[in-house]
Amino acid sequence: MKIVCCVKYVPDATADRRFNSDHTVDRAGVDGVLSELDEYAVEEALKIREAVDESEIVVVTMGPDIARAAILKSLQMGADSGVHVVDEAIHGSDAVGTSLVLAKVIEQQQADLVLCGMASTDGSMSVLPAMLAERLELPQVTFASEVSLDGSTVRIRRDGDAATEMIEATAPLLLSVTDQANEPRYPSFKGIMAAKKKPVETVSLADLGIDAADVGLDAAWTRVEDAQSRPPRSAGTVVTDEDGTGADRLVEFLAGQKFI
Amino acid sequence: MAAVTEILVLVDHAEGAVRKTTAELLTLARRLGEPSAVFVGSQVGAARDALKRYGAEKIYVLDDVALTDYLVAPKAEALTQLVEQTRPAAVLIPSSAEGKEIAGRLAIKVSSGLITDAVDIQAGEAGPLTTQSVFAGSHTVNARVTHGTPIITVKPNSVTPEEVDGGAAEEAFSVTTSDAAKTARIVERRPRAATGRPELTEAAIVVSGGRGTAGNFEPVEELADALGAAVGASRAAVDSGWYPHAYQVGQTGKTVSPQLYVAVGISGAIQHRAGMQTAKTIVAVNKDDEAPIFELVDFGVVGDLHAVLPKATQAVNARKS
Ligand SMILES: Cc1cc2nc3c(=O)[nH]c(=O)nc-3n(C[C@H](O)[C@H](O)[C@H](O)COP(=O)(O)OP(=O)(O)OC[C@H]3O[C@@H](n4cnc5c(N)ncnc54)[C@H](O)[C@@H]3O)c2cc1C
Ligand SMILES: Nc1ncnc2c1ncn2[C@@H]1O[C@H](COP(=O)(O)O)[C@@H](O)[C@H]1O
């Protein structure tokens, strides 16, 4: 089974995230990491490879040069090889443009199984998996809290708003997993050493046969008009309950705000 | 004079009971044009009054089992056909996991730009202008769709629903769903038992418990009930098996935007903040005066929740009677 796992390089959530002057997310100027939620996708891919003979995992990322770090981390965890789409022209692509590019890579790889995280931790739109399924005409089984495999049939548990659902589809298909699905492993020393020798292919839009005019900021079908940092919340009142009056003062506050 | 512009609103409902988010979407749609509700399912009878009351001029009824037995793909096909026929000025969809997936597929199908998780929409010369809150609520962004039919998903609790009597003219719409859209099948469905409390994402007040509860959610639930609130939980509480995942607030749980959020025994990690930072008023009870949650609060109590909460609940109930 050929598994293609889409991983994203994102600004570290604990660092100071910011925008460029063109209102795109600053990915080059801040510390970045493999999107935490994509670690769950990589882990699930590794588990599937363990269960299914003759499987291989290709991790794919689209982003600037430093985005290669996301591939490297996935290889250290145990993935087999990487494809890095890097091209000046993709800067500022929206979800529609990103899905166009990733779909092309997946098509070229002839994947049996496409794995994604539930959302990226920066954009966190949670739409890319559905867009990829749409473009590739693949069944989509998304937001899996639990995954089981029976031959080429994948069955997932999805904890939805109103119900828990069991969903089934047959490969080739697209699967996305939540942070409930598994516990991502840390790269071992052996894994880190082995990753250095694993192949990473760098591809451009031309390699993929995509017209540069179809992606990037100018081709995006949405435009951010402006971005502001929110003023920090003004400091509130904090009291201690040492004298046992905490509850009463809390309730006074709530009543004063008309919540009671 | 410009023709009247139609705005499609995908109705969120449970067996015909219309969710509050739908009233909010209809209210936003009215700012942009004439709202048409898109109802998928067989119980439109139960929904009609609410849709009319919040200003739906038309109701498209899509009653087809293919739309309910499968995941999102058939719904996206149905909306595509509706968009092609009605040429709306925008399509508004609730920002649930399913709503966003339908929106994503629709965007590709009708070659249109997509904006997710809007918290506000204003009409504009160049099309609707949306407001979103990003990076765990630390930034606000205004955006616009520049190509095709603007497709916008809207978060719950973004606006106050306004009552306007709509025409509510019903129109059956028959859709054709492809076999390709029916390849992912729902084989089993276990509806969640009703709690009798408000829906987490819609509630005006949310009281959430974290690891500090040490597994005892009773004080949290009792305070919630006294305030008429929904109950939420941190991931630490969910991972410990103390509360179901459906109630998790945060990056990988629900995003809530209530009038009042009460965090109890929750430290305030960035992933938790991502789900509650846009609450109007934030209150915390935590025994550690250095817990990061206190950076966010309007009012905080440093103390043991097992002492503070029962007393507070009592005092709330006393004030009500
Ligand atoms: C990919 C990823 C996604 C995540 N998604 C989410 C998410 O969606 N939602 C989420 O919540 N977290 C999420 N997290 C986890 C998050 O990072 C924190 O670990 C989590 O929020 C901590 O929960 P907590 O505040 O309940 O526990 P802790 O951080 O352990 O805090 C417990 C607090 O309770 C206080 N306390 C203890 N006893 C008492 C007492 N008797 N009375 C009063 N106070 C007391 C302590 O002082 C402490 O501040 C995610 C993490 C990752 C890596
Ligand atoms: N630039 C990218 N490169 C590779 N994968 C991506 C990229 N952007 C998003 N993804 C994948 O799509 C998932 C959902 O992303 P999003 O729709 O942006 O929230 C992520 O968890 C990744 O698996």
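Below is a summary of the structure that appears in this document.

Basis of the calculations
Residues numbered from 1 in each chain as written. Chains lettered and ligands numbered in written order. Predicted model: local features only at pLDDT ≥ 70, side-chain atom pairs only at ≥ 80, totals over all residues. Heavy atoms only, no water. Helix = DSSP H or I, 4+ residues; strand = E, 2+ residues; numbered from the N terminus. Rg over C-alpha atoms; globule rule 2.2 N^0.38 Å. Buried < 20%, exposed > 50% of the residue type's maximum accessible area, 1.4 Å probe, protein only. Contact = heavy atoms within 4.5 Å. Disulfide = S-S within 2.5 Å. Axes fitted to C-alpha atoms, helices over the stretch in contact; angles between N-to-C directions. Parallel < 35°, antiparallel > 145°, perpendicular 65-115°, else oblique. Left-handed = near helix turned anticlockwise from the far one by under 90°. Nonpolar A, V, L, I, M, F, W, Y, C, P; charged D, E, K, R; others polar. Pairing = 2+ DSSP bridges. Near = heavy atom within 4 Å. Polar contact = N/O pair within 3.5 Å; in protein donor to acceptor, adjacent residues only side chain to side chain. Areas by Shrake-Rupley, 256 points an atom, 1.4 Å probe, with all protein chains shown as cover.

Some thoughts on the overall build of chain B
Of the regular secondary structure elements, chain B holds nine helices and 17 strands. Taking 2.2 N^0.38 as the reference for a compact globule, 321 residues should give roughly 20 Å; the C-alpha atoms of chain B span a radius of gyration of 21 Å, in line with that estimate. Every one of the 321 residues in chain B was classed for burial, and the buried ones make up 59%. Sequence separation of 24 or more characterises 63% of the internal contacts of chain B that already satisfy a separation of 6 or more.

Considering the environment of Ala111 of chain A
Residues and elements named next belong to chain A. Summarising the element assignment, Ala111 is placed in the loop between helix H3 (95-109) and strand S6 (113-117). Overall, the relative accessible area of 15% leaves Ala111 in the buried class. For the pair Ala111 and Gly244, spaced 133 residues apart in the sequence, the C-alpha separation amounts to 63 Å.

Re the state of the cysteines
Residue and element names in this part refer to chain A. A full pass over the atoms with the stated rule returns zero disulfides over all chains. Cys5 takes part in no disulfide bond, and the closest cysteine sulfur to it belongs to Cys6, at a distance of 6.9 Å. Taking relative accessible area as the criterion, Cys5 reaches 0% and is therefore assigned buried.

A short note on the packing of helix H4 (residues 72-86) of chain B against helix H5 (residues 97-109) of chain B
Residue and element names in this part refer to chain B. Closest axis-to-axis distance for the H4/H5 pair is 9 Å, and the angle between their directions is 50 degrees. On the basis of their axis angle, the class for H4 and H5 is oblique. In this structure, the crossing between H4 and H5 has a hand that is right-handed. Across from Val72, Ala73, Lys75, Ala76, Glu77, Leu79, Thr80 and Val83 in H4, the residues of H5 making contact are Glu98, Glu101, Ile102, Arg105, Leu106 and Lys109. The residue makeup of the contact of H4 with H5, split by class, is seven nonpolar, one polar and six charged.

What about the sheet that holds strand S6 (residues 90-94) of chain B?
Strand order in the open sheet formed by 10 strands is S13(A)-S9(B)-S8(B)-S7(B)-S10(B)-S6(B)-S1(B)-S4(B)-S5(B)-S11(B), and the pairing between neighbours is mixed. Lying at the two open borders of the sheet, with one neighbouring strand each, are strand S13 (222-229) of chain A together with strand S11 (169-172) of chain B. With strand direction ignored, the average angle separating the axes of adjacent strands in the sheet is 35 degrees. The pairing of strand S4 (residues 34-40) of chain B with strand S5 (residues 58-62) of chain B spans five bridges and is parallel. What sits directly across from Ser36 of chain B, in S5 of chain B, is Lys58 of chain B. Its contacts with the sheet put helix H2 (residues 44-53) of chain B on S4, S5 and S11 of chain B, and the angle it makes with S5 of chain B is roughly 160 degrees. Against the sheet, H5 of chain B engages strand S1 (6-10), S6, strand S7 (114-122) and strand S10 (151-154) of chain B, with an angle of about 150 degrees to S6 of chain B.

A word on the site of ligand 1
For ligand 1, the set of nearby residues contains 29 residues, the closest of which are Arg211, Ser234, Ser267, His272 and Asn286 of chain B. Two or more chains meet at ligand 1, and those chains are chains A and B. The side chain of Asp304 of chain B places a nitrogen or oxygen atom 2.9 Å from a nitrogen atom of ligand 1. A distance of 2.9 Å separates a nitrogen atom of ligand 1 from a polar atom in the backbone of Leu305 of chain B. When ligand 1 is considered free in solution it has 990 Å² of accessible area, and contact with the protein chains removes 83% of it. Residue assignment for the shell around ligand 1 shows that the elements contributing at least two residues are helix H1 (36-51) of chain A together with helix H7 (235-239), helix H8 (270-273) and helix H9 (305-320) of chain B.

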